[in-house]
Every structure is written in C-alpha cells, then in structure tokens.
Amino acid sequence: MFRMRCSLLSLWKTSLLLCLGLLMHCGEAKVHTEAPVGPLYRVVGSPLSIACSVSGFTSESTEKDFEFRVTKPAKPSFEYNIITSEARSFTYAIYQQRVTDNDINLKRVSPNSVLFEIQTLQKDDEGDYDCSVINTVSVYDGIYSVKTTVKVIDNSLSVSSPASLLQSFNEGEVLTLSCQASSNTIQHTHLSFAWYLRKDGEDDAQPIISLDRDFTLSPGQEFEGRYQKGLISLEKLGEATYRLKMAQLEPSDQGKIHCQAQEWIQDPDRSWYSIAQKDAEEITLKVKAKEVVSDTSSLLVRISAQQTTLQEGQELSLFCNIDTENLEERFFSVAWLRGSVELARIGHTGVLSVGPEYSGREKEGELRAARVGNKDYRLILQPVRTDDQGEYICRAWPKDRGADGVFTQGAAQDSSSQLVSISAPESGLSVKIQDALSVIEGDRLALACNVDGFKGQLSVTWQHKSSSQPAAPFTNVVSLSQEGVMEKAGDFMSRKVRATRPAAGLFTFELDEVTPSDSGVYQCAVSEWKTNSKTHSQSQTTTVTVTLIDTKLGVSLSIRNNKVTVGQNVELMCRVKGPRVPITLTWSVQRDASTIDNILTMYSDGGISWSGDQHHYQLKVRIQNNAVLYYLQIIGASHREAGTYRCMVSVFLENAHKKLPPSNQLAVMVKDPESKLSLSSSPTVTGNINTDIEINCSIISTSSASSRYAATWLLQQETENKTIVSFDLTGLVRYEPQSELSFRQRFSTRCTKGPIFHLTIRQAKISDKGSYICNVEEWLQDPRGNWYRLSTVSKTTKLAVTEPANDLRLDKRAQRLIVREGDEAVINCNIISGASSSSFFYKVTWFYAAHNSLLMNASLLELDHTGLLSYPESPALRGLQGRLRLSRPTQSSFYLSIQRAHEGDSGTYWCQVEQYQLDHEGLWQQKASDSAGPITLSVNVAEKNLSIVKTEAELNVSSSQDFTIPCHITQQSSDESAFQVTWFWQKGMETKQSPIFTVYRNSTLQNWFGKDANLRFERPLPSLFSLTVLNSGPENNGLYFCEVEEWLPSLSHGWRKVAVEMSGNLNISVNAEGGVQAVSESECKFSIWIVITVVIIFILLLVIVLLLLKMYKCIFSGGKTQDLSLWTEEHPLNSKPSAEN
C-alpha cells in the first residue's frame, strides 16, 4: 500500500510539474506583483499601510481582486486570512471585529493596486504579510503573491519641557525655553524636533523653528525674517536637550507654545518613515506691550533710608519719593533694586510684585512694600541679613493712559544710590554642613546640616548655584519653615526633593535622580526666630559633584557555551554592575549585517515587552550585592536563534532616555547534530537492452526516527554529471526544466518503505550506461517546526546495458491428458529457455487436430505480443472456442484451459511461440520462433457403477392386505445420474414377465394395468423407490422384481443410458385367510425400519440436494462468460463467447 501510494503521489506531482514547466517555457513571466520588501519597523499604536500593485494582465482596466494574509512568528507555518477585495467570506474570526470597525481596511487606489491599512497597530500584528492577486484566467504566468515583513516595536519616544506652564515677559525681552526629547529604540532612528506657537485667537499652531532628521535648521514661514536677523535660534545641548531662544519678543508672540519630536526610521527602499510623534505640554506665553517713552526730564526720583547702618536681624526701611508736574493726575510704577536685582515693585494700580530672589522672603513676611502718600513709597526688609548690605536705588516709570483706556509705559528714571551696611551681632547660632561629596547620576543626593547655639525656633532654606557661575546668586531649592511646613521652589516643583528635621539640631536635604546639572554649591541657610521675627541667620555651603552614570554603570555579557546543537538550551548572562538606579534593559539579536531585532525590553517598573518570538525565550533576574544579573534563556535553540546577541541599558533622567554604552557582542552558534546517515546500493547493475532496469538506494542507518529525506539521481558519463530526477522531502518528484518528455517517460523514481529510493529506466538503451549517483539529503525538524538539512550522503552504482542472445526453446515432449467429460482440461505450453529477459514479448498461437480427421492443424486462438487476443473464424470450432481460457501464471508458461470438456474435444493440441522486442526506434522486431510438442487430449464419459439390492425374498399376505415391492439403489455412476425404474410381475408358473409400473427419469409415471390397478408409488429417498399393491388378492400371487436404467447427460449426445440392473425376486403368496408371514422376516423388518427412521431426514435432504443441484447448474452454465485477466496467474484470459451464449 505504501509503495502504491508513493507511486501515485509521485506520478501526480510529476505531471503537475511537467505542466507548469511547459507553461514556463512558453515565454518569460508576464504578471508581476509588487509590495514593500521589509522589514518595516512600526511602533505599537501607530498606523500601518502596505501598497500592493500588479501588472502584466491582458486587461489593465479591469479591477483586480487582492487578498491579504499574515504569518505570525509564533506559528510560521499557519496563514491567517485578514481581508480581501472580493465580496465573499474570507476574514478569520480574530480579525473580523477589526475589519468591521474599519480598524483594518483595504482601499482601492486603481484597478491594479490597493492600499492595505491598519489604523492602530497591536503588538500581535507583527509578522509576514502576504499580498496575493486573484487570477481569473486558466493560465498562470508570473508572480501572483509577494510578502512584506512587519516588525512591531514599543513606542519609547519621550518629550517633555521642564519650564513653568506660564511665562510672562515684556515686549523686547528674551525668551529662553528648553525641551527634552529622546528615544530608547535600539534600531537606527533619527529624531526631528520643532517648536510651535499657537497664537491667541488662532486654531492652528505655526512652526517657529525646526531641526529635521538630517540636522538641518528651518525657521517657520512667519518667523523666517526674525531668524535671518539672528533673533530666533535653536540649540541642541547634549543628547536630548533642545533650547529655543527668541530675542526681542513681540506682543503678537503671545499664545501657547510647545515642542514636538518625531522619530524616523529608514525603510529598506531607502525612504524615511515617521514611526512616532509626541508633543510636550503647552506653555502659556504672555508678552506685555512695550512702554511708550515720555518726557522724563521733569521726573525726579529720590531714595532715603531710615537707618543705613544696621545689625543682622534689625529692620531696613527704604523710602522712595517722586516729584513731577501734575503728579496727582499721572500714574507711576516704582521699584527698589539692590545692584541689578529687583526686590519689589508697586505698579500703577498699586499691586505689589516681588522679584524671584525675594519671593520666598516676601512669603515669610520678611519683605513688605506699600505706597504711603501721593509721592512716597516705602520698602521694609526685616530681619536683614548680612548679605542684604549693598547699594540700593529707586526706579520709577510713568504710565500714560490713552483715549482707549490702555496704559503705555514711559522711560524709567533712577534715583541716586543709597549705601546700606549690615553687621552681624554676637550670637551663639552656628551651622555646620558636611564636606564636599560626589554622587552618581540618577542616584539620590543627601545632605545634612547641624545647628548649635540656638534659643528660638529655626527655619532652613536649601539653596543651589552652579559651580560654573560662581558670581551668580543662590536659587532656592526647598525650605522648611519654623512651623515645619516644606515648600519647593518653582524650578524644583516636579522634582523629588525633600527637607526634613529629624532632630532639633539637624536638618537634612534629599534630592532623587540627580543629573549633571545638579552639580554645584549647595547652601544650608538657617534662621532663628523669636516671636515671628527673625533674629539671626547663619549659612554654610558644600560642593556636590554629580558623576556621569556612564562611568559608574557597567554592562557585560557572558555565556558558558556559545556553540550548541539544535534543540539544546542556551543561557546568556547580562551583568549590570554599579549603583542601583531604575534602568530599562533591552535584549537584541543581529542575524545579518543590516537587521537588529528586539527580543524583549524590561522596564524599570518590572514590565516586560516581548517581540513576536517570545515563546522561545525566558528571562530570569538575580540580584547580587554589587550587580544585577539578567539571564536570557533560549529554550530549544534552532538556527533561527543563531546570531550576535547584545544587552543594552538606558536610564530615564531629566525626562529623557539616556542610553549607556551597550554590552559586548556575543555570538551564539547553533550547529547541526551529528549525522548517522548511511546508504547501501549495489556497486554494479547489469541489464539487457530494451528492458526495464531498476537501481535501488537504501537507507540503512539514520540520525533520528523523525528524519525526512530528499533524493537526487545523477548520471555521470565521462566527466559530466547530469541530474536525472529528484525527490524532495515532501514526496514531490522534480525533473530538470530542460528535460524532454520522452526522457521523463523513461526515467522515474519512487520511494518505498525503508525508505528505499528506486530509479526505474524503462526500455533501457546502450547509451544509458554509466555511473548513477544516488544523492540523499537528511532533513530534521527544529523546535520551531522548521525543516533543515542535516547532511548529504552519496552512493554510486555502475550500470552496464547488454544485448542478450536469442535462445528460445519450448518443451517438445509428447504428452497425454485424460479428463472426464464436464471437467476442466488444462493444456500447458512451457518455455524452457529464452524467457528470462523482461524486454521480450511473445505471440502465442494454439493449434488443434481432431481424432475424426475432419479438422487438421486448425488455429484455435492467437495472442499477439501486444496483448491482442483473436479467434480465427471456424464454424466447426465455434463451440470449443467459446469455452477456452488463456492464462500466463509465470514468465515462461502459457496455459490453455477448456471449460466443461466435451467428448468431442478429444484430439491433439500444440502451441507456437514467437519472440518479439522493441528496437531503438520503438518498432517491433521478431527475434525467435518455436513450437511445443503435441498434447493428446482424451475426454471420457463416466464409467458404469450402478448397483441395486438383489436380495431374494418370500412374503405371505392375507387377502385384502397391502404389500410393498422395494427397489433400493446402493451405488450410482454419477451425481448427475437420472433413473428409470420398471416393476415386473411373473404370474404363477408362467415364464412371461409383464411390466406393471414404470417411473421414467423425467418423473413421468406409467401404470401398465390401467387406471383400475390398485398400485401406489413412493420415493422416500433419492435412491429408494417402492411400489405398493393395495387390497391384494389371490390373483396377485407371483414373482415381483424391479429393473433400473441409469441415464447420464452427454455434452455431445444429450441423455444416454449407461447401465441397467435388476433387483432380486420377491415371491408373493396371498392367502384367502390368515396373517402375514415373511419368509425372510429379519430382512423385511430391517427394510421397513430403515424407511421409517430416515424418511423424514431424507425428505429434508432432498430439498437441500435439489437446491444444490440448481446452484451447481447455474455455476456450470455461468462459467462460460467469466471475465479474467490475461497476464496474471490468478486471472486467466477472457474466453471467446460461445454460440450457446
């Protein structure tokens, strides 16, 4: 069964390949389908579009239908139907809802192109997308399907702006904003960056300035003129910081401003594609109109101090006096400044605003300002500190109101300077801070400030200034009031900063996730309070250095064994050594020179994002004292897992991803298991010309029970190797495209259980000789389910093709055959030599000569070398020809069978055999001829074998009593015998024997005494006949006996009497009075009991026998038309229909 199935499969696939090959040879492919090659990297949540077009169809204007399918990494051998342009059920259930919701759609662009779209990519959408065009014609000519690989990665783009959400400026001032933009994508990507302004009253934001992916600066259309003047600039600071600077702000610049970043990746067709885009939160920008310059020559501004020499903790009171014409009708803004730092300002409406450096003191009640008269303004600073000493001035601006009620500001007018000196009084308050320290980027900064000699309540303010600007003032970071209330400064509102007082004389400061910009000088300023009044202040500074995390955090990759066999597990260890900071770890593998694939990404919160191959990987984490070990385990490695592995670490600092130097690269090599494949084949094979020759190649040892094999047969003649035919691991038979049809018909291959590969050469030619190479490939299935070639082994068989000698000889011995009429006669015709080659074909003719000499050398039937059976016309032989059957049980014997032989079939039979062979041109050539010896057939009828009971007996009966004359047949010549029984009576002393009753063979009854005779006939058994004389009288005395005639059907002469037998005499004496007395009493009783005992059984058997006879006759007559095969031993040739049929 295996052999037959393999042969049929090979034949079908060979025919299919032949048809496809012929089509391909008609010309070059016309139909061509195109789609992006891939891999296309897209991020989760972004859209995906794949354009697919086809060309080469006869009708370009007819709309073509397309189908999209996907193969996912988890099941590389299974295709999911997604969507089709045909109006039919196509989509699988997992995509049906998304297609219904239009999340997945197929748009027609032209009759020959469509656009496949996914609006929102999911992580599970990664895979190979197949675009197929539906062929509506019967011929395939070209490429109808094309694949596009899509990789779905996480969106790691981060964009943020640390600036306050409200920025207020005066016209003409400078705006400086910074924005952080970074990505953690391991693929090679570029970022583009832009600042946008959405002006008040407008819906759309306009670009201010942008930096494209090629690092080219471009101003927005509305800002190009100011950019050309150098008033607008964009700088990139470090890896992730982009700083915008706008000089000479205009009132029209007021609105909402934000930054935007885009991440770009280059597709395989060299085009750039934006895979991600993010906007930072909008910042409100307010620009006050520029003040109108007015005549200030009459404006006089004076400053005075109530006391110019003070001690720390006392009150400083500064008066500002202005004088000009029409003072009561005009409006002014007044400000106090120490050096260039503005302390406070009272606007023209009387609203107080405090400079950023003194806002904290104003909130604590240390700074107050108010208008105390039409000309006088007063500033109070209490308690003063030693750093409050210096030169103070007053500055005034006139404010003129226009007809529309809008105020415009005039030019400023300054007073002369006022020197204030502040000395520190004696106090026991002392502050001590720890020495300079270094902290690693991303780690926590912790400072401690010890206070002694205080008597009242204490408050602390932690301040910072950059070490690169030593002259710059300190800026507040966080403060802790005397009531224990902590307050962050504006620039640190979003930072994780804390100020605590764990003990009475101890203040601590903590700042998480420090960055290099946090380096500098930190000051601990402690103030002592008494009754809500600050009495003394002391401060101490220390220097903090933030070390880049790159220098402290090390990443290394190691493996115990990087050379593994398919199916084995692999474990790679990524060691991250250094401080404990939140990191993002990414494992990647590079399988070729251009593509890097993500395996997984482990985020700082413990979340893991897997790629499409997650089923073959596992992650394990182990924490040590000074390092964290991340293990990547490959479960059941295949060749797909071979490649160069890396682990990469990034930290998220200052709202930006910071990638650390990746680990060393580590190559994992996956090798094949050791092959145990070995072959066996005969080194030489010799065959005759024009015969079928088979060369076998057996696999005697394999590497695995699940191995599959592909075989290729090659012919080596002289120095050239020619591929004949191949058999791939799926069972598909392939020929070389240039192979002719006649070549493919003569050479074929098949496989049988073992496996054994057979090469069959039909009608071998001398030119077929040479060395035949059996090239076998062993294939194994890896853990992913993919087949890979393990090894290739070859065996060579040398073929010799010879032309055999003609030595045909038949058995010439005279034979005699005797059969009974009706039996089957089988006449043999045997080839003694010359029938060993399968390239020879034979013509057989049977002859017949009857005993009556009317038919001499008559031809009965003829079977030619092509298998054609014919009966020569002969009316005398028509009956015999209809009962002939021809068979060939062996290569060298021909049997002629005569069904139901007749007596007239007797005679002499013999055969004549002619040997034929095909030549190189395919023509039949007679090679030899011979005749067999005569066979004399005698058909005899059945021999006489009739026997009946002949016992002599006497019987005395009374008058009017019945007596029975039995006739018992004990033996017959044939089962087909029919009987005629006649009873005779010899009266008294007469010598005449008169028949009294006859039963003919056709069951006809004849009573010779007429209807008045009192006789009764019975046949209780097929072999027992009885005649009973009823109401006997003295006139019935005499001798009685029966005569049996046996008749048989003759096939030639009809019914024929073959035997006659007579029974013994029964002497009957009928007495006028008295009982019956048997002379041979024992014999009479025996017969009577036999009849009584078996009569019922024989009646039943009679029915069965009759049914059997009827069935036998049906079979006997039906055998004339039985159809049987010619060349198999079990099925003889069909006989010629007989005349009777």
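As shown above, the structure is provided for reference.
Nothing here was measured: the structure is a model prediction, and the numbers come from that model.

**A word on the pattern of salt bridges**
Pairs can form between side chains of opposite charge whenever their charged atoms are close.
Next, step 1: Applying the stated criterion to the full structure yields 47 salt bridges.
Next, step 2: Here Glu441 ties to Lys658 by a salt bridge, and the two come within 2.8 Å at their closest N and O atoms. Of the two residues, Glu441 sits in the loop between β34 (437-440) and β35 (445-452) while Lys658 sits in strand β52 (residues 656-659), which places them 217 residues apart along the sequence. Residue Glu441 shares its accessibility class with Lys658, and that shared class is buried.
Next, step 3: A salt bridge links Glu641 to Arg784; its shortest N-O distance comes to 2.5 Å. Of this pair, Glu641 sits in the loop between β50 (627-634) and β51 (643-653) while Arg784 sits in the loop between β62 (770-781) and β63 (787-802), placing them 143 residues apart in sequence.
Next, step 4: According to the relative accessible area criterion, Arg784 is buried, its value standing at 13%.
Next, step 5: Taken together, the salt bridges that share partners define one network made up of Arg361, Glu366, Arg385 and Asp388.

**A few points about the layout of surface pockets**
Next, step 1: As a volume, the second largest pocket reaches approximately 1,400 Å³.
Next, step 2: Along the wall of the second largest pocket there are 41 residues; nearest its centre are Asp975, Glu976, Ser977, Ala978 and Leu1109.
Next, step 3: Listed by contribution, the elements that provide at least two residues to the lining of the second largest pocket are β78 (978-986), β81 (1015-1021), β83 (1038-1050), β84 (1054-1062) and α7 (1081-1118).
Next, step 4: The biggest single contributor to the lining of the second largest pocket is α7, with 9 residues.

**Structural notes on empty space enclosed by the protein**
Next, step 1: Per the stated rule, a full pass over the model turns up 3 cavities of 30 Å³ or more.
Next, step 2: By volume, the largest cavity amounts to about 60 Å³.
Next, step 3: Taken together, Asn184, Ile186, Thr584, Thr586, Met648, Val649, Ser650 and Lys659 make up the lining of the largest cavity.
Next, step 4: Of all the secondary structure elements, the ones that give two or more residues to the lining of the largest cavity are β46 (583-590) and β51.
Next, step 5: When residues of the lining of the largest cavity are assigned to their parent elements, the largest contribution, 3 residues, is made by β51.
Next, step 6: Looking at side-chain class alone, the lining of the largest cavity contains 3 nonpolar, 4 polar and 1 charged residues.
Next, step 7: In this model, the second largest cavity occupies a volume close to 40 Å³.
Next, step 8: Counting residues per element, the lining of the second largest cavity draws most heavily on strand β66 (residues 825-833), at 3 residues.
Next, step 9: Residues of the lining of the second largest cavity, tallied by class, amount to 3 nonpolar, 4 polar and 2 charged.

**Examining the sheet that holds strand β49 (residues 617-623)**
Pairing between the strands of a sheet comes from backbone hydrogen bonds, and it takes one of two forms, parallel or antiparallel.
Next, step 1: Across the sheet, which stays open at both edges, the 4 strands sit in the order β43-β45-β50-β49 with antiparallel pairing between neighbours. What marks the edges here is a single partner per strand, and that holds for β43 (554-559) and β49. Between one strand and the next, the sheet's axes are offset by a mean angle of 20 degrees, whatever the strand orientation.
Next, step 2: As paired elements, strand β45 (residues 570-577) and β50 share 8 bridges and run antiparallel to each other. Considered in β50, the bridge of Glu571 is made with Gln633.

**A closer look at the state of the cysteines**
Next, step 1: By the definition in use, this model includes 7 disulfides.
Next, step 2: The disulfide partner of Cys52 is Cys131, and the gap between their sulfur atoms is 1.9 Å. When the S-S torsion is -90 degrees, as for the bridge of Cys52 with Cys131, the disulfide is left-handed. Within this pair, whereas Cys52 is found in strand β3 (residues 48-55), its partner Cys131 is found in strand β8 (residues 127-133), the two being separated by 79 residues in sequence. Summarising the burial analysis for this pair, Cys52 and Cys131 share the class buried.

**Here we look at the packing of aromatic side chains**
Next, step 1: A full pass over the atoms with the stated rule returns 25 aromatic pairs.
Next, step 2: Seen in terms of ring centroids, Phe193 and Trp195 are 5.9 Å apart; in terms of plane orientation they differ by 80 degrees. Their pairing is edge-to-face.
Next, step 3: Residue classification places Phe193 among the buried residues on the basis of a relative accessible area of 2%.
Next, step 4: Judged by relative accessible area, Trp195 falls into the buried class, the value being 0%.
Next, step 5: With a centroid separation of 5.7 Å and 15 degrees between ring planes, the pair formed by Phe847 and Trp910 is classed as stacked. Here the residue Phe847 occupies a position in strand β67 (residues 841-850), and Trp910 occupies one in strand β72 (residues 907-918), the gap between them amounting to 63 residues. The exposure classification of Phe847 matches that of Trp910, with both residues buried.
Next, step 6: In textbook terms, an aromatic cluster arises when at least three aromatic residues are bridged by ring pairs, as seen for Trp983, Phe997, Phe1017 and Phe1025.

**Considering the sheet that holds β35**
Next, step 1: The strand order across the open sheet built from 4 strands is β33-β35-β40-β39, with neighbouring strands paired in antiparallel fashion. Bordering the open sheet on either side are β33 (430-433) and β39 (497-503), each of which pairs with just one other strand. Strand-to-strand twist of the sheet, defined as the mean angle between neighbouring strand axes without regard to direction, takes the value 20 degrees.
Next, step 2: As defined by bridge partners, β39 adjoins strand β40 (residues 506-511) across 5 bridges and the pair is classed as antiparallel. Considered in β40, the bridge of Ala499 is made with Phe509.

So, how was this worked out
- Residues numbered from 1 in each chain as written.
- Predicted model: local features only at pLDDT ≥ 70, side-chain atom pairs only at ≥ 80, totals over all residues.
- Heavy atoms only, no water.
- Salt bridge = Lys/Arg side-chain N within 4 Å of Asp/Glu carboxyl O.
- Helix = DSSP H or I, 4+ residues; strand = E, 2+ residues; numbered from the N terminus.
- Buried < 20%, exposed > 50% of the residue type's maximum accessible area, 1.4 Å probe, protein only.
- 1 Å grid on protein atoms, 1.4 Å probe; cavity = no way out; pocket = protein on both sides within 12 Å on 5 of 7 lines; lining within 4 Å.
- Points joined across faces, edges and corners; volume = space filled by probe spheres on them.
- Nonpolar A, V, L, I, M, F, W, Y, C, P; charged D, E, K, R; others polar.
- Pairing = 2+ DSSP bridges.
- Axes fitted to C-alpha atoms, helices over the stretch in contact; angles between N-to-C directions.
- Disulfide = S-S within 2.5 Å.
- Phe/Tyr/Trp six-rings, centres within 6.5 Å; stacked < 30°, edge-to-face > 60°.

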